[in-house]
Amino acid sequence: MLDTATIRAQFPILKTQVHGKPLIYLDNAATTQKPLAVLDASRRYYETQNANVHRGSHYLSQLATEAHEQARETAAGFINAPETAELLFTSGCTMGINLAADTIAKSGMIRPGEEIILSAAEHHSNIVPWQMLCERTGAVLRVIPLTPGQTLDMEAYQNLLSPRTRIVAIGHVSNTLGTVNPVREITALARQNRPDTIVLVDGAQAVSHMKVDVQELGCDFYAFSGHKLYAPTGIGALWGKRELLEQLPPWMGGGEMIKEVTFEKTVYNDIPFKYEAGTPNIEGAVAMAAAMDYVSGLGLHNIAAHEQKLTDMAVEGLKAMPRLTVLAPDVPHSAVVSVLAEGIHHYDLGTLLDQMGIAVRTGHHCCQPLMCALGTTGTTRASFALYNTEEEVKTFLRSMNRALEMLS
Ligand code: PMP
């Protein structure tokens, strides 16, 4: 059980008034708010440790390096990575997927005609980098469709697997539908089909809602963003298996990623530094570790149970409203619920809810192919976090009812 009153006191921004009403922040899938533990960690870093890392022999440089590498250890432990060195800091999930796709394309390991399997519900961040890889390598995208109930069509997935399959890139949790995809099964099937298939998981919508164990999932890469996990923007991580990270070429060139440079030849650094050219976001890494400690302290199972209750309440309440189609697949489902309102534009609905103090997301949620499959241009999406309350969900449902009446 989470004590939401105590928790909410830790998030100063939640006291905001919007159009004279208390803010009800239900746009957590876009980004989460930050607790004092994270804000304090950022400030403490700059007040007591700030220097550049891995460079100076001086005192502060050593403190900053230790803080950065301690943050790496925390992040690796958070997703149960077998080795800390396999955890690369990135600016976020998008950079992580681009880093993986680009270095795979550059490696020459993909041959023309080989196939990359994605799902119809992917975020643009897990589509466009693979399209760019296809342009460079002559590989071909294949798409797992959704069933009429908006879950992944696993039979179709099995039929797509073939000797040509080289990469499977799949979202752990859909940012629009909330569906928790059976990643372990997807990975196992990919390996049965062809053992050297590279499986990348987009964990942007998973890490703040469930305990992620990359070893249990059996994937090769796992990417996520700090800002959806109560940490600042501009920091995230890509975990990759050592074997692959050693085999793939570096992504960007510069300081930190080298052992030795001459004009004739550069010897690259070991992982993870080989993939971390330039001065990293040191404070971001430290603050993300503080966010991970914060959610681990509350317990991801407690957070999941709390959010499940809120999501179930929202789904049930929304389903009872005329004119709404609730896109909540009947499978394991995370803290996201999207609705389509018959004859009402999602933007109008979002604007009216904002007038009532409620922040929801409207639009395509960076999932235009999914919108196309759903036959719409956008949805209205509410997404929950550990600080949301049952009272807030009740107010949201009442407000939605009122907004629908006003727009009728
Ligand atoms: N994948 C999914 C499923 C997402 O929801 C998001 C963010 N909306 C991303 C990837 C990209 O994350 P970021 O913009 O933080 O890089």
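Residues numbered from 1 in each chain as written. Predicted model: local features only at pLDDT ≥ 70, side-chain atom pairs only at ≥ 80, totals over all residues. Heavy atoms only, no water.

## Overview of the overall build of the protein chain
Phase 1: Broken down by element type, the protein chain carries 14 helices and 17 strands.
Phase 2: Relative to the compact-globule value of 22 Å for 408 residues, the protein chain shows a C-alpha radius of gyration of 22 Å, a close match.
Phase 3: Each principal axis of the C-alpha distribution contributes one length, and for the protein chain these read about 70 × 55 × 35 Å.
Phase 4: Split into buried and exposed, the 408 residues of the protein chain put 58% on the buried side.
Phase 5: Nonlocal contacts in the protein chain, meaning residues at least 24 apart in sequence, comprise 71% of its contacts between residues at least 6 apart.
Phase 6: About 16,900 Å² of surface is accessible on the protein chain, with carbon and sulfur atoms providing 53% of the total. (Helix = DSSP H or I, 4+ residues; strand = E, 2+ residues; numbered from the N terminus. Rg over C-alpha atoms; globule rule 2.2 N^0.38 Å. Buried < 20%, exposed > 50% of the residue type's maximum accessible area, 1.4 Å probe, protein only. Contact = heavy atoms within 4.5 Å. Areas by Shrake-Rupley, 256 points an atom, 1.4 Å probe, with all protein chains shown as cover.)

## Observations concerning the side chain of Arg166
Phase 1: Within the fold, Arg166 resides in strand E7 (residues 165-171).
Phase 2: A residue is classified by how much of its surface remains accessible, and Arg166, at 8% relative accessible area, is buried.
Phase 3: For Arg166, the side chain forms a polar contact with the main-chain oxygen of Asp196, separated by 2.6 Å. (Polar contact = N/O pair within 3.5 Å; in protein donor to acceptor, adjacent residues only side chain to side chain.)

## Observations concerning the pattern of salt bridges
Phase 1: If you walk through the whole model with that rule in mind, you get 22 salt bridges.
Phase 2: The closest approach of N and O atoms between Lys309 and Glu390, which form a salt bridge, is 3.2 Å. Remark: Glu390 occurs in helix H14 (residues 390-407) and Lys309 occurs in helix H11 (residues 300-319); sequence separation between them is 81 residues.
Phase 3: Judged by its relative accessible area of 39%, Lys309 is partly exposed.
Phase 4: Via salt bridges that share partners, Arg111, Glu114, Arg166, Arg194 and Asp196 belong to a single interconnected network. (Salt bridge = Lys/Arg side-chain N within 4 Å of Asp/Glu carboxyl O.)

## Thoughts on the environment of Gly96
Phase 1: Position of Gly96 relative to the elements: it lies in helix H4 (residues 93-107).
Phase 2: Apart from the residues lying within four places of it in its own chain, the contact partners of Gly96 are Thr90 and Leu238.

## Concerning helix H3 (residues 59-78)
Side chains of residues three or four places apart in an α-helix project in the same direction, reflecting 3.6 residues per turn.
Phase 1: The terminal C-alpha atoms of H3 lie 29 Å apart, and with 20 residues this matches the ideal 28 Å at 1.5 Å per residue to within 8%.
Phase 2: Of all the positions in H3, only Ser61, Ala64, Thr65, Ala67, His68, Ala71, Arg72, Thr74, Ala75, Ala76 and Phe78 are classed as buried.
Phase 3: Of the surrounding secondary structure, the elements contacted by the buried residues of H3 are helix H2 (36-48), strand E4 (87-90), helix H10 (282-298) and H11.
Phase 4: Positive phi appears at Asn80, one or two residues downstream of H3, with a value of about 55°. (Expected span 1.5 Å × (residues − 1).)

## Brief notes about the UniProt feature "domain: Aminotransferase class V" (unreviewed entry) in the protein chain
Phase 1: Feature annotation in UniProt assigns "domain: Aminotransferase class V" (unreviewed entry) to the following positions: residues 24-396.
Phase 2: Secondary structure within residues 24-396 divides into 39% helix and 17% strand; the distance between the first and last C-alpha atoms comes to 8 Å. (UniProt positions renumbered as here; feature names shortened; annotations may be inferred.)

## Let's talk about the site of the ligand
Phase 1: Surveying the vicinity of the ligand reveals the residues Cys93, Thr94, His123, Ser125, Asn175, Asp202, Ala204, Gln205, Ser225, His227 and Lys228.
Phase 2: Interatomic distance of 3.2 Å between a side-chain N/O atom of His123 and a nitrogen atom of the ligand.
Phase 3: Expressed as a share of its isolated accessible area of 400 Å², the protein-covered part of the ligand is 84%.
Phase 4: A per-class count over the shell around the ligand returns two nonpolar, seven polar and two charged. (Near = heavy atom within 4 Å. Nonpolar A, V, L, I, M, F, W, Y, C, P; charged D, E, K, R; others polar.)

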